[in-house]
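Analysis of the macromolecular model
Chain by chain, the residues:
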Amino acid sequence: MKLPRTRRIRTRSEFARVRNQGQSISGRFLVMGYLADDAMDEPFKLGLITTKKIGNAVVRNRVRRRLRAILQREGHRVRPGHWMVLIARHNAGDATSTQLEKEWKWMLRKSGLHLETKSSEEAAAA
RNA sequence: GGAAUCGGCUGGUAGACGAUCGUCGGCUGGGUGGUGAUAGCCCAAGCUGGAGGAAAGUCCGGACACCGAAAGGCAGCAUGCCUGUCGAAAGACAGGGCAGCUCUGUGUAAUGCCGAGCUGACGGACAGUGUCGCAGAAAAUAUACCGCCCGCCUUCGUCAAGACUUCGGCGGACAAGCCCGAAUCCGCUAACCGUAGCAUAGGAGGGCUUGCCCGCCGUAGCCUUGGCGAAGGAGGGUAAGGGUGAAAUGGCGAGGUAAGAGCUCACCGCUCCGAUGGUAACUGAGGAGGCAAGAUAAACCCCUUGCGGUGCAAGACAGAACAGAACCAAACGGGUUGCCUGCCCGGCUGGGAGCUUCGGCUUCUGAUAUGGUUCGGGUAUUAGUCGCACCCUGCCUGCGGGUGGGGAAUCAACCUUUUUUACAGAGGGUGGUUAGACAAAUGAUCGUCCACUCCGUCCCUCGGGGCAGAGUGAACAGAAUCCGGCUUACGAGGUCGGUUCCACAG
RNA sequence: GACCCGUUCGUCUAGCGGUCUAGGACUCCGCCCUUUCACGGCGGCAACACGGGUUCGAGUCCCGUACGGGUCG
């Protein structure tokens, strides 16, 4: 799944809307906020937040790239029509890609955004 | 010579290959864009580019932009040995000078001298102001204090001389008392004198005692004078000494002096002038001065030189709405509708004075709904477009751009040349490229190989090896207007130096 | 991003280059007071962010580093 600029959350008001009206789940490395929106024409919109608490610019960039790659690969599992904000916690810089991916999938199931599509299972079976 | 470790300089080379999926920019294509063309928008695919030496810190300097002009001055800030080179500046480099520290050698009573290494924010402390705690006599002015010396005064001690006094001794004189009688004199008697006698009554005389005086000697006291010493006082001469401090007004020796002192002299040091050498910083032959001069300017300050301020969130363009200014229109305006009627909504005015038949009318004053045009300011803007992506330039243009030429840097392959092959260097030349985001791109996954770390397990000679798994791809670290420096961070390697250990040789 | 400011006991803060061994308040600890607690009294522990430099002497002055905070459309 591609992540061009139209599928990103970019304005302060959109981040504030997810924060104020949405729900959130916190994990070991991540915090995920989400909000359903029927009017959305995209499958979902993603926002990433990496604060200075995580580390210097190198570490922050690495965390963002890993999270973006996970969403590119696994974004088709997300139920369409949702705002989604991922906030990296202070220890996310020490986490590996697989750890981040496991935690994100766990969050997806717990939040109910996981989409059980037949096509993916059939593809896995095939 | 080797090893370890520390520091300086240099150095910035990427895990390799393949596959899949992505991200930002550019080019090409199609559609749209009323149309030939451009910009813009949409679509899918291909090609292609995409982090660093520090991109960091934001410590300097500049470009560029705006502020009113950016010329002068004050304030403020920065700068600081000399010469040269590079540079727009900041700054860097090279050489030199001076100073400090360390070491080796050498020398002195001492300061030193030669050499080597390291370090230096290295203009000015006779332009002025300030500060120098504690300790110390004294901390910046030259002397107060202690001390030393000189003479004077007072007191004391001692010695000498002198005067006086007390006492003692001796001697003498005098007075009183007593005693003495050979009788020397007076005296008395013999009439007087001579002479004789008397007499110790009186005087002289002698003796003794006492008193007093004088002299001498001794002793003690006191006074005066002088010497010496001590204490004190006021005065003068001194700067040798005062052991404290980070720092004390030249050092050492000799002479000299009341004591001392560059007071004088030799040597050393210092200050001033200064030959010579050097572009200069500087050097300092020689001479003069008897010696004035502390530190601090990363205290204020003075001098030299430089700087207008703000910073790309600079700024430019586009630009609603609300409010503002000017002008215009009509008393009606807006909505509904293709238009009209109709319907709906809002408005058709406030205040004062006067008159009134109470319906209104006249007059004064103030304000304005609504619509339109223009103006400047300028906000909102998913902060929209530009600024903003190598440089210069010609032509066309509908001014948005299009197209062409030249140059620079770099990459890949190629050619020539240097070199011992290779690597590498130099030159040529073909082709490509020139990071430009804005919640912010340059990545993710998988496979094979390599290196390292960790965990597990197996083997043996207990130090390694094998197998499997995970992680990392050396570290520091991610462009944000651009450029030049500085500082800081950092791994392997190279090089230089120090320290330690080992081995060998002398 | 560009540009400014600050850092002193556990906390909030004073602090002329010199008796700073850095003062005060709250906290903490010990003792006293009280039947006990509290209040109160007495005493004590406890700090100049780090590294260099200037100076006889640095918390203070200068330079660098680290950390924290602020302003600007």
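Report on the accompanying structure. Position numbers for residues count from 1 along each chain, tracking the sequence in the order it is written. Numbering of ligands from 1 and lettering of chains from A proceed in the order in which they are written. The predicted nature of this model means local features are confined to residues of pLDDT at least 70 and side-chain atom pairs, given and counted, to a pLDDT of 80 or more, with totals for whole chains, interfaces and linings taken over all residues. Hydrogens are left out, water is left out, and the side-chain values use all remaining heavy atoms of the structure.

The next subject is helix 3 (residues 97-111). Taking 1.5 Å as the rise per residue, helix 3 with 15 residues should run 21 Å; its terminal C-alpha atoms sit 21 Å apart, in good agreement. Within helix 3 the residues assigned to the buried category are Leu-100, Glu-101, Glu-103, Trp-104, Met-107, Leu-108 and Ser-111. For helix 3, the angular spread of buried residues about the axis comes to 165°, placing them on one side. Residues Thr-98, Lys-102, Arg-109 and Lys-110 are exposed on helix 3 and point more than 90 degrees away from its buried face. Contacts are assigned to residue pairs that have any heavy atoms within 4.5 Å of one another. By definition, any uninterrupted DSSP run of H or I lasting at least four residues is a helix, any uninterrupted run of E lasting at least two residues is a strand, and each is numbered from the N terminus. Packing partners of the buried residues in helix 3 comprise strand 1 (23-26), strand 2 (30-36), helix 2 (57-74) and strand 4 (82-88). Looking one or two residues beyond helix 3, the residue adopting positive phi is Gly-112, at roughly 85°. Helices are assigned an expected span. That span is 1.5 Å times one less than the residue count. Think of it in three bands: with a 1.4 Å probe and only protein chains considered, a residue is buried below 20% of the maximum accessible area for its type, exposed above 50%, and partly exposed in between. Along the arc lie the directions from the helix axis toward the C-beta atoms.

Right, let's get into the nonpolar core. The nonpolar core is taken to be a set of buried Ala, Val, Leu, Ile, Met, Phe, Trp, Tyr and Cys residues, with the residues joined through side-chain atoms within 4.5 Å. Met-32, Leu-46, Leu-71, Met-84 and Trp-104 are the most contacted members of the largest nonpolar core, which has 26 residues in total. At the level of secondary structure, the elements contributing two or more residues to this core comprise strand 2, strand 3 (44-49), helix 2, strand 4 and helix 3. Element by element, the count of residues in this core is highest for helix 2, at five residues. Beyond its immediate sequence surroundings of up to four residues, Met-32 is in contact with Gln-23, Ser-24, Ile-25, Met-84, Val-85, Leu-86, Trp-104, Met-107, Ser-111 and Leu-113. If you look at the next biggest cluster of nonpolar residues, it comprises five residues, including Ile-9, Val-18, Trp-83 and Val-85.

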